[in-house]
Amino acid sequence: MQQTNSLKGIAMLLLCAFIWGVAFVAQSVGADLLGPFSFNGIRSYLGAIFLIPCIALIDRLSGKQLSVWGTEDKHKRSELLTGGLCCGVLLTIASTLQQTGIAYTSAGKAGFITALYIVIIPILGLLIKKHVTLIQWASVGVAAVGMYFICINEGFSINKGDLIILACAVAFAVHIMTIERFTQLADPVRMSAIQFFVCGVLSTPAIVLWEQPTFTAVAAAWMPLAYAGIMSCGIAYTLQIAGQKYVNVILASILLSLESVFSVLAGWMFLGETLSLREICGCALVFAAILLAQMPERK
């Protein structure tokens, strides 16, 4: 039974990584049409609304009575609400940085830089007194060299989009650690819906006050919004939360990091993006660092 659940979790996280990788293409196209708050706010509302009938269907199939919280346990309700709020705030920060940065860099590069959250997670673990292995420190060094090749050009200047995406990777690292904290007690689909509603609500003031998108612009971006909202938010983030219930955080990180590979392939297939030899070497080093960071320490 445990092995079946583990395989189910692996399949969920692999599908999640694929959807996220392709989503970089949708976000790149959306960045040309809408501001970052508008794109993320609308996609978040779409994701949350999509999940409401999903929650009702899951409750019905499992024989539960439909309710807002899905449980009478006050402690579990508290965990659900707290987890949804915390994840929603972090997701707002991370996704806004990502959508802002992707306007200044390629979808493929954005995917690899975002995936650095795998290397960042053990470093942030020091703040909560978690042990960092020598292998993990080595992965940081390899990742730093890879980032140099990806981001620094011959004139020793860095693309501001790459720098913003790097900040986004830090925010996503904290987001994944927060999911790990709440996922064992909270209902994954409900928590996912709450985090998207929070993300949408937090984005709304900026949409109204600063960006003020036109109906024409929103209509023109309907396809990337639909993919990012329904597939990337509604389905993939829920797969992430559900999958992390059955898979430990280290294996989950490896599987989710494959989004970087899918993002390069999708950018090449749909946007005609190419990487220079220098950038390809950098991506290879970053991916090696991602895998190295997850290797177990020898006893």
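Residues numbered from 1 in each chain as written. Predicted model: local features only at pLDDT ≥ 70, side-chain atom pairs only at ≥ 80, totals over all residues. Heavy atoms only, no water.

Student: Quick question: what am I supposed to make of the overall build of the protein chain here?
Tutor: A tally of helices and strands in the protein chain yields 13 helices and 0 strands. Going from N to C terminus, the protein chain has its helices and strands arranged as α-α-α-α-α-α-α-α-α-α-α-α-α. A compact globule built from 299 residues should have a C-alpha radius of gyration of about 19 Å, and the protein chain, at 19 Å, falls within 12% of that. When the backbone C-alpha atoms are referred to their principal axes, the protein chain occupies close to 60 × 60 × 35 Å. In the protein chain, buried positions account for 49% of the 299 residues. Once local pairs closer than 6 in sequence are excluded, the contacts in the protein chain between residues at least 24 apart make up 90%. Carbon and sulfur atoms form 71% of the exposed surface of the protein chain, whose accessible area is close to 14300 Å². (Helix = DSSP H or I, 4+ residues; strand = E, 2+ residues; numbered from the N terminus. Rg over C-alpha atoms; globule rule 2.2 N^0.38 Å. Buried < 20%, exposed > 50% of the residue type's maximum accessible area, 1.4 Å probe, protein only. Contact = heavy atoms within 4.5 Å. Areas by Shrake-Rupley, 256 points an atom, 1.4 Å probe, with all protein chains shown as cover.)

Student: Would you mind going over the side chain of Thr105 with me for this structure?
Tutor: You can see Thr105 is positioned in the loop between helix 3 (74–101) and helix 4 (107–114). The contact partners of Thr105, leaving out residues within four places of it in the chain, are Ala110, Asn159, Gly161, Asp162 and Ile165.

Student: Even after reading the chapter, I still don't get unusual backbone geometry, so can you show me in this structure?
Tutor: Glycine aside, residues mostly have negative phi angles, and peptide bonds mostly take the trans form. Of note in this structure, Gln212 is not a glycine but carries a positive phi near 45°. The topology assignment puts Gln212 in the loop between helix 8 (188–211) and helix 9 (215–220). For Gln212, a relative accessible area of 55% puts it in the exposed group.

Student: Quick question: what am I supposed to make of the state of the cysteines here?
Tutor: Covalent bonding between the sulfur atoms of two cysteines defines a disulfide. Scanning the model with the defined rule gives 0 disulfides in all. Among the cysteines around Cys199, which has no disulfide bond, Cys233 carries the closest sulfur, lying 7.1 Å off. Residue Cys199 is classed as buried on the basis of its relative accessible area of 1%. (Disulfide = S-S within 2.5 Å.)

Student: What is the right way to read helix 12 (residues 259–271) from this model?
Tutor: Since the α-helix advances by 3.6 residues per turn, residues separated by three or four positions end up pointing in the same direction. Along its 13 residues, helix 12 runs 17 Å from first to last C-alpha, staying within 8% of the 18 Å computed at 1.5 Å per residue. Backbone geometry just downstream of helix 12 places Gly272 in the positive-phi region, at approximately 70°. (Expected span 1.5 Å × (residues − 1).)

Student: How should I be thinking about the packing of aromatic side chains in this particular structure?
Tutor: Aromatic rings considered in pairs are described by the distance between their centres and by the relative angle of their planes. Inspection of every chain in the model, using the stated rule, returns 2 aromatic pairs. On the numbers, 5.3 Å between centres and 85° between planes, the contact of Phe18 with Phe262 is edge-to-face. Taken together, the positions of Phe18 in helix 1 (residues 2–31) and Phe262 in helix 12 put the pair 244 residues apart, joining distant regions of the chain. Relative accessible area serves as the criterion here: at 40%, Phe18 is assigned to the partly exposed category. For Phe262, a relative accessible area of 24% translates into the label partly exposed. Its end group placed over the ring of Tyr104, Lys160 keeps NZ or CZ at 4.2 Å from the ring centre. (Phe/Tyr/Trp six-rings, centres within 6.5 Å; stacked < 30°, edge-to-face > 60°. Lys NZ or Arg CZ within 6 Å of the ring centre and 35° of its normal.)

Student: How do you make sense of the nonpolar core when you look at a structure like this?
Tutor: Nonpolar side chains in soluble globular proteins tend to end up buried together. Ranked by size, the top nonpolar core spans 52 residues in total, and within it Ile113, Leu116, Tyr117, Ile150, Phe172, Phe196 and Leu256 carry the most contacts. When neighbours within four sequence positions are excluded, Ile150 is seen to be in contact with Lys109, Phe112, Ile113, Asp162, Glu279, Gly282, Cys283 and Val286. Leu80, Phe182, Ile194 and Val198 belong to the second-largest nonpolar core, a separate cluster that totals 9 residues. (Core = buried A, V, L, I, M, F, W, Y, C linked by side-chain atoms within 4.5 Å.)

Student: Looking at this structure, how should I read the packing of helix 2 (residues 36–61) against helix 3?
Tutor: To describe two helices that pack against each other, one gives the angle between their axes and the distance between the axes. Where helix 2 contacts helix 3, the axes come no closer than 9 Å and their chain directions differ by 130°. In terms of their interaxial angle, helix 2 and helix 3 are classed as oblique. For the crossing formed where helix 2 meets helix 3, the hand is right-handed. From helix 2, Pro36, Phe37, Phe39 and Asn40 reach across to helix 3, where they touch Ser95, Thr96, Gln99 and Thr100. Looking at side-chain class alone, the contact of helix 2 with helix 3 contains 3 nonpolar, 5 polar and no charged residues. (Axes fitted to C-alpha atoms, helices over the stretch in contact; angles between N-to-C directions. Parallel < 35°, antiparallel > 145°, perpendicular 65-115°, else oblique. Left-handed = near helix turned anticlockwise from the far one by under 90°. Nonpolar A, V, L, I, M, F, W, Y, C, P; charged D, E, K, R; others polar.)

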